[in-house]
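In case you want the letters, here they are:
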Amino acid sequence: MKQILSGVLVLIGIAANAQRPDIAYDYIPDFTYEEIGARIDSIEGEVPLGYNEKVKAFIDYFTIRDRAYTRNVLSKIDLYFPIFEETLAKYDLPDELKYLSIVESGLRANAISHANAVGLWQFMSSTGKMYGLKNDWYLDDRMDPFASTDAAARHLRDLHSMFNDWELALAAYNCGPGNVRKAIRRSGYKKKFWDIYRYLPRETRSYVPQFVAIMYTVNYAAEHNLLPEHKEIMPRFDTVMVSQYFHLETFARQLNVCLDDLLALNPNIKRGALPEGTKNFALRIPADLKDTIVANRAVLYDTAGRVGKAQLEYLARNTPGSTYGRIKQIYRVRSGDVLGTIAQRYHVRVSDLRAWNNIRGNMIRVGQRLNVWVMPTYSSSTKDLYTSSARDVNKPKPLPGQKVYYVQPGDTLWDIANKYAGLSIEQLKSLNNLKGNTIKPGQQLIISSQ
């Protein structure tokens, strides 16, 4: 029988109306605009809580129209808020910023937006990396509640230092400081959220009102007959350090622990394993197993280091869009470029280019910068060949002494024929018995019958 901890989700069942037996579960109380305004005034702290019809509309949404969503959020308050409160206090930031994660993700650690923002605090990959959040095929620290909260606190601190205003800092968290500065300029250099409101992106106009509404809703949930059907709390855990390839399912099986529980404690591990080359990874484990793991560390680690490595390494390197083991380069789109020719130049797949650049179709524009992740074997000389103009690299030259040519990534028959004086595409095809125009990197082509 496996030891079941329900991961980080220890469920404590409570009756929804246990505290108010006189009120039916589905009863929705009604309060006046003025009553809600007075309550908001009473909970306002360092972050201004402006109240108007827009805020009221969101309060109605959370307390009337989507009560199931609100109850779900309330069930996770005790799971994540202690982490948020401790981290905000560490950086001397307002405690009420903890409600921002509800606006961002609904307190879902694995939330992924349509724009590929991830985690409780919805970090984009680039911003997350700025604040030390690792993100590759194996790991994504944006899903880790501790690491992502620490990064979010530092990011919010930096945004506040830019604008010296918490409402503008919140807006910048949503749309970026550049868009907030643009709105300030367009407003005639006004520097309050509601003064620049109509100049902000549409989504951001709703962002701060939602923050006020969700803060009110959580604080006055009981008054609106909103009580969670259960509560989730963090179980006691400890950590052990791992500096090797490590297969979690094998490790869990040896300890007779549910794999899902171990993964729930370590949500940043995406593939159920830590990769080769891992250094000092703090793996969270159930606290009561620490002594057992320490006492049997050599055997447990050796066994966990033997399973599934080759298969995962293959998937890591070949899954479309994976950047594992690759080096980032930037390519500027030129006239005549299409995704297929760019992919061929860098010996990658079109599906990779789409994934790396959030491209859904095939449309690219001249001057656009594309992220291209190449293998380390992609040499700088090869790169120079493809980023130079065709006019420079295709100048005819006398046939060299060698009789063959080895196809490079991105080569076409036209490219090769124009490298050598007197050599045509038809001659190349005839010399090599080619029926079509398809050639592959590494292929050997005869370029002279002499």
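Below is a short write-up of the structure. (Residues numbered from 1 in each chain as written. Predicted model: local features only at pLDDT ≥ 70, side-chain atom pairs only at ≥ 80, totals over all residues. Heavy atoms only, no water.)

Considerations on helix 18 (residues 350–357)
- Looking at helix 18, one finds that the buried residues are Asp352, Leu353, Trp356 and Asn357. The buried side chains of helix 18 occupy one side of the element, clustering within an arc of 110° when seen end-on.
- At its buried positions, helix 18 is contacted by helix 17 (339–346) and strand 8 (369–374). (Buried < 20%, exposed > 50% of the residue type's maximum accessible area, 1.4 Å probe, protein only. Helix = DSSP H or I, 4+ residues; strand = E, 2+ residues; numbered from the N terminus. Arc of directions from axis to C-beta. Contact = heavy atoms within 4.5 Å.)

Details of the environment of Ser206
- Positionally, Ser206 belongs in helix 11 (residues 202–219).
- Sequence separation of Ser206 and Phe58 is 148 residues, and the distance between their C-alpha atoms is 8.8 Å.

Let's talk about unusual backbone geometry
- At Asn116, a position not held by glycine, the phi torsion is positive, near 70°.
- As for its position among the elements, Asn116 is in the loop between helix 5 (100–105) and helix 6 (125–130).
- A residue is classified by how much of its surface remains accessible, and Asn116, at 38% relative accessible area, is partly exposed.
- In this model, Asn433 sits at a positive phi of 55°, which is unusual for a non-glycine residue.

Some words on a positive patch on the surface
- Positive charge collects at one region of the surface, where Arg181, Lys182, Arg185, Arg186, Lys190 and Arg198 lie side by side.
- Mapped onto the secondary structure, Arg185 falls in helix 9 (residues 177–186).
- Residue Arg185 is classed as partly exposed on the basis of its relative accessible area, which comes to 45%. (Patch = residues over 30% accessible without salt bridge, like charges linked within 9 Å, V, L, I, M, F, W, Y side chains within 5 Å. Areas by Shrake-Rupley, 256 points an atom, 1.4 Å probe, with all protein chains shown as cover. Salt bridge = Lys/Arg side-chain N within 4 Å of Asp/Glu carboxyl O. Lys, Arg positive; Asp, Glu negative; His and termini not counted. Charge placed at Lys NZ, Arg CZ, Asp CG, Glu CD.)

Examining the packing of aromatic side chains
- For the structure shown, the criterion picks out 19 aromatic pairs.
- Residues Phe81 and Phe84 carry aromatic rings whose centres are separated by 5.8 Å and whose planes lie at 45° to one another, so their mutual orientation is tilted. Of this pair, Phe81 and Phe84 both sit in helix 4 (residues 77–90), separated by three residues, roughly a single helical turn. Per residue, the accessibility class of Phe81 equals that of Phe84, and both read buried.
- Centroid distance Phe146 to Phe237: 5.7 Å. Interplanar angle 65°. Geometry classified as edge-to-face. Here the residue Phe146 occupies a position in helix 7 (residues 145–163), and Phe237 occupies one in strand 3 (residues 237–242), the gap between them amounting to 91 residues. (Phe/Tyr/Trp six-rings, centres within 6.5 Å; stacked < 30°, edge-to-face > 60°.)

Quick look at the nonpolar core
- Of all hydrophobic cores here, the largest spans 66 residues; its most connected members are Ile102, Leu170, Tyr173, Val180 and Phe211.
- It is helix 11 that provides the largest number of residues to this core, a total of nine residues.
- Those residues in contact with Val180 that sit more than four places away from it in its chain are Phe163, Leu168, Ala171, Ala172, Cys175, Ile196 and Leu200.
- Counting residues in each nonpolar core, the second largest holds 27 residues, with Val240, Ile269, Tyr301 and Ala316 among its members. (Core = buried A, V, L, I, M, F, W, Y, C linked by side-chain atoms within 4.5 Å.)

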